[in-house]
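Spelled out from the first residue to the last, the chains are:
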Amino acid sequence: MRLPPGVNSKDFSNALNQFAVAVGKEWVFTSDEDVDLYRDSYSPVWNEPEEPIPSAAVAPDSVEQVQAVVRIANEYKIPLWTISTGKNLGYGGSAPLLGGSVVLDLKRMDRVLEINEKDHYALLEPGVSYFDLYRYIQERKLNVWIDPPDPGWGSPVGNSLERGGGYTPMHDHFDAVCGLEVVLPSGEVMRTGMGALPGAKTWQQYKYGFGPYVTPIFSQSSLGIVTKMGIWLLPPPEVYLSATVMVWKHLDLIPLIEIFGELQNSGIIRGTTSLASPFWLGAPNPEFDSMRASGSVKPLEEYAERKNIAYWSLPITFYGPAEVVAAQWKYAKEKFSSIPGVTFQEGPSYRFPLSAEDLAKIQDTVPLGIPSLQIFTLLPPGSQGHIGFSPIIPMSGEAVLEAMALFDRVHHELSSGRAALAVLTSFPRALVIIDLFPVERNVERNRQRREIYRRLIKESAARGWGEYRTHTTFMGDISNTYSFNNHVLRRFHETIKDAVDPNGILSPGKCGIWPKRMRKAEA
Ligand code: ADP
């Protein structure tokens, strides 16, 4: 049996026995067969010595059971790694950052505690998946929309804590969080925001409560175990309209993004989108790659014109009352029309509620608040999965062009390939550029990709770009880049970590923050 680091087998077996008393024997998993299910199937270090494989998993069913597990972990100094549904693929899946940790699996805590149709919020336990929540709402015909991320089998709790995103106007998932219940590393239960007021009437309606606002310190964090989360939902819009803005010259990207940013910051465009270009974004295309090799964009612009294929296109979406959406779209067209030659394509658009028949015809339901697993059809053939290098860059065409050139150069230098990029508008006032790396069951190729990934981290940081979220393998590297004033932010995180988790039992190493007893001399 694997052991948690620094824990002897006698203590570990005592702890496991006590876990079994707390949660029931059948909910403590120690066999290789069971523990293997908690490996990260998208791991970029699969089957290498550094792959972090857990020692066991324990699955409580209530807040009291979580508290009991935390108290036992404190007694024996056992590192716990919390997951809600454990579907965080691309970022570590169900696997811990530190090998030998015990996975604290909250999937059994899957109760929808409240849905409020008037104030549009939900109060959820961590094991509720987006599919569960959607079904719950549909079965009761409740008048609210949810905002799922691309694959809908994960949880609102896990995805929001990790600051994931979706497509509707509620796409910034952590921004939609209102009120947490957290089991602290001491085993005490705390409620944030208005929840600190016994009998509060607005725990899920008003975020801040009183005094320093601490809800966000439990996001991408190892300071507590979230056992309840309030999230804001969307009133169902009357209509959804999607349209594509198409421009034809390389440098048209600059006004395209500038106008988009202004429309987004004005609240006119509220859904998220992803920039497209057959020449620069998405899977590499050998024909365009050789045209790009000339160093001039002229051949690409001529190709676009000849074949009537937009050089850049930006799908945009509108949600709301029919008249408002029509006016917003008209206004957006006026704004984009300042770009010479711009063209527009409308559709699809829908009026709600949709009949079952109409719904069945829709391919991509995620922007309509309906969870799906369709994204998995996009995995490159032959790959086991993918991870993404995803820095936040300024919302400007110049930044996109600079990042594309940098990523391509790094790929070319280290592998002679080129980057497969996506540019998303998931957050206000900044863009996310994602370099998708396939993950294979091939140690050599995974190593080469890790080298590229690490070079990109350094080169991006040198330009002032940092990742918003990363796979556990790279959390230390990313944390190293957030180094202003001799790593004062990390030292601040460590001070809080040591104060609230003196035994260092919760998610050691998460986002580069180690408890004192495991902290190495830092770079
Ligand atoms: P998903 O919703 O995609 O299934 P996971 O359950 O895999 O998400 O969680 C993603 C990450 O979020 C975990 O690795 C962990 O660091 C953090 N996390 C998930 N659930 C909790 C929770 N209830 N409390 C604290 N952190 C959590």
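K.L.:
Could you give an account of the overall build of the chain, with specific residues and numbers?
P.N.:
Within the chain, the secondary structure is distributed over 14 helices and 18 strands. Whereas a compact globule of 523 residues would reach a radius of gyration of roughly 24 Å, the chain reaches 24 Å, a difference of no more than 12%. Considering only C-alpha atoms, the chain reaches an extent of 75 × 55 × 45 Å along its principal axes. A buried classification covers 54% of the 523 residues belonging to the chain. Accessible surface computed for the chain: about 22900 Å², of which carbon and sulfur atoms make up 55%. Looking at the chain, you have 51 positive and 58 negative side-chain charges, and the mean spots of the two groups are 3 Å apart.

K.L.:
Break down a nonpolar patch on the surface for me, citing the residues and quoting the values.
P.N.:
Where nonpolar side chains cluster on the molecular surface, the patch consists of Tyr206, Tyr208 and Tyr213 and spans about 300 Å² of accessible area. Tracing the backbone shows Tyr213 in the loop between strand E8 (189–191) and strand E9 (225–232).

K.L.:
Explain the side chain of Thr273 residue by residue, including any values.
P.N.:
Locating Thr273 in the fold gives a position in the loop between helix H6 (253–265) and strand E11 (274–275). A polar contact of 2.3 Å, which involves the side chain of Thr273, links it to the backbone oxygen of Pro315. Residue contacts for Thr273: discarding those within four places in its chain leaves Phe260, Leu314, Pro315, Ile316, Val423, Leu424 and Thr425.

K.L.:
Help me get a handle on the environment of Asn265, residues and values and all.
P.N.:
Positionally, Asn265 belongs in helix H6. Of the residues examined, Asn265 reaches a relative accessible area of 38% and is grouped as partly exposed. For Asn265 and Phe210, which are 55 residues apart along the polypeptide, the C-alpha to C-alpha distance reads 28 Å.

K.L.:
Can you lay out unusual backbone geometry for me, pointing to particular residues and giving the numbers?
P.N.:
Residue Pro348 is bonded to the preceding Gly347 through a cis peptide linkage, with omega at -5°. With respect to the helices, strands and loops of the structure, Pro348 is situated in strand E13 (residues 343–351). Residues Phe352 and Pro353 are joined by a peptide bond in cis, for which omega reads 0°. As for its position among the elements, Pro353 is in the loop between E13 and helix H10 (356–361). A positive phi angle, close to 50°, is found at Asn485, a residue other than glycine. Among the secondary structure elements, Asn485 is positioned in helix H14 (residues 484–500).

K.L.:
Now, about the environment of Pro391: what can you tell me, with residues and values included?
P.N.:
For Pro391, the position within the fold is in strand E15 (residues 391–394). Along the chain, Pro391 and Gly199 lie 192 residues apart, while their C-alpha atoms are 42 Å from each other.

K.L.:
Give me the site of the ligand: which residues, what numbers.
P.N.:
Around the ligand, 22 residues are found, and the nearest of them are Ser84, Thr85, Lys87, Ser155 and Lys510. Contact distances for the ligand include 2.9 Å between a nitrogen atom and a backbone N or O atom of Val226. Within the side chain of Lys510, one N or O atom sits 2.8 Å away from an oxygen atom of the ligand. Taking 560 Å² as the accessible area of the ligand by itself, protein coverage stands at 97%. Looking at the shell around the ligand, the elements with two or more residues in it are strand E3 (80–83), helix H5 (156–161) and E9. Counting residues per element, the shell around the ligand draws most heavily on H5, which supplies 4 residues. Residue composition of the shell around the ligand, by class: 8 nonpolar, 11 polar and 3 charged.

K.L.:
I'd like a rundown of the packing of H6 against helix H11 (residues 397–415), residues and numbers included.
P.N.:
Running from amino to carboxyl end, H6 crosses H11 at an angle of 125°, the nearest separation of the two axes being 7 Å. Between H6 and H11, the interaxial angle falls into the category oblique. Across the interface between the two elements, Leu253, Ile254 and Ile257 of H6 pack against Gly397, Glu398, Val400 and Leu401 of H11. The residue inventory of the contact of H6 with H11, partitioned by class, reads 5 nonpolar, 1 polar and 1 charged.

K.L.:
So what's going on with the nonpolar core? Which residues, and what values?
P.N.:
In this structure, Leu256, Trp312, Ile316, Phe336 and Phe407 are the most contacted members of the largest nonpolar core, which totals 60 residues. No other element matches the 9 residues that H11 contributes to this core. Membership of the second largest hydrophobic core comes to 35 residues, among which are Ile115, Ala122, Leu133 and Leu233.

Analysis parameters
Residues numbered from 1 in each chain as written. Predicted model: local features only at pLDDT ≥ 70, side-chain atom pairs only at ≥ 80, totals over all residues. Heavy atoms only, no water. Helix = DSSP H or I, 4+ residues; strand = E, 2+ residues; numbered from the N terminus. Rg over C-alpha atoms; globule rule 2.2 N^0.38 Å. Buried < 20%, exposed > 50% of the residue type's maximum accessible area, 1.4 Å probe, protein only. Areas by Shrake-Rupley, 256 points an atom, 1.4 Å probe, with all protein chains shown as cover. Lys, Arg positive; Asp, Glu negative; His and termini not counted. Charge placed at Lys NZ, Arg CZ, Asp CG, Glu CD. Patch = residues over 30% accessible without salt bridge, like charges linked within 9 Å, V, L, I, M, F, W, Y side chains within 5 Å. Salt bridge = Lys/Arg side-chain N within 4 Å of Asp/Glu carboxyl O. Polar contact = N/O pair within 3.5 Å; in protein donor to acceptor, adjacent residues only side chain to side chain. Contact = heavy atoms within 4.5 Å. Near = heavy atom within 4 Å. Nonpolar A, V, L, I, M, F, W, Y, C, P; charged D, E, K, R; others polar. Axes fitted to C-alpha atoms, helices over the stretch in contact; angles between N-to-C directions. Parallel < 35°, antiparallel > 145°, perpendicular 65-115°, else oblique. Core = buried A, V, L, I, M, F, W, Y, C linked by side-chain atoms within 4.5 Å.

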